[in-house]
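Here are the chains, one letter per residue:
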Amino acid sequence: MEKLVKIDVKNGYEPQTVEVPKGITTKLVFNRTNPSSCLAKVGSMDLNFEQDLPLNEDVTISIAPDKAGEYDYSCGMGMFHGKVVVK
Ligand SMILES: [Cu+2]
């Protein structure tokens, strides 16, 4: 079973907080429409990914957290933040 969550990268991450189930793979699908280079990278130490976000393209990051909790991610410069809540 897989879950898909879309995140628009516009004025930050929309929605800023997403909920995903524990123990199964969730695909986070980022799409950046904001041309600012500030948002051109997204990364998370909590979730162990770092990814370029080309403009107007879906970029899929698969996560499969097995612990409940709150996981943060941010743009390359740490100015914009989003959160994944695992339940
Ligand atoms: Cu930034």
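Cut-off values and rules
- Residues numbered from 1 in each chain as written.
- Predicted model: local features only at pLDDT ≥ 70, side-chain atom pairs only at ≥ 80, totals over all residues.
- Heavy atoms only, no water.
- Core = buried A, V, L, I, M, F, W, Y, C linked by side-chain atoms within 4.5 Å.
- Buried < 20%, exposed > 50% of the residue type's maximum accessible area, 1.4 Å probe, protein only.
- Helix = DSSP H or I, 4+ residues; strand = E, 2+ residues; numbered from the N terminus.
- 1 Å grid on protein atoms, 1.4 Å probe; cavity = no way out; pocket = protein on both sides within 12 Å on 5 of 7 lines; lining within 4 Å.
- Points joined across faces, edges and corners; volume = space filled by probe spheres on them.
- Nonpolar A, V, L, I, M, F, W, Y, C, P; charged D, E, K, R; others polar.
- Pairing = 2+ DSSP bridges.
- Axes fitted to C-alpha atoms, helices over the stretch in contact; angles between N-to-C directions.

All right, on to the nonpolar core then. One finds I7, Y13, L28, F30, V42, Y73 and V84 to be the most contacted residues of the largest nonpolar core, which totals 22 residues. Where this core is concerned, the elements lending two or more residues are β1 (2-10), β3 (17-20), β4 (25-32), β7 (58-63), β8 (69-75) and β9 (81-86).

Below, the discussion takes up the layout of surface pockets. In this model, the largest pocket occupies a volume close to 170 Å³. Contributing to the lining of the largest pocket are 13 residues, with G43, S44, M45, S74 and C75 lying nearest its centre. Among the elements of the structure, β5 (41-44), β6 (49-52) and β8 are those that each provide at least two residues to the lining of the largest pocket. Grouping the constituent residues of the lining of the largest pocket by class yields five nonpolar, four polar and four charged.

Quick look at the sheet that holds β5 now. Adjacent strands of a sheet pair through backbone hydrogen bonds, lying either parallel or antiparallel. The sheet built from five strands is open, its strands ordered β3-β9-β8-β5-β6 with mixed pairing. The open sheet has two edge strands, β3 and β6, and neither has a second partner. Here the strands of the sheet are splayed against their neighbours by 20° on average, with no regard to which way each runs.

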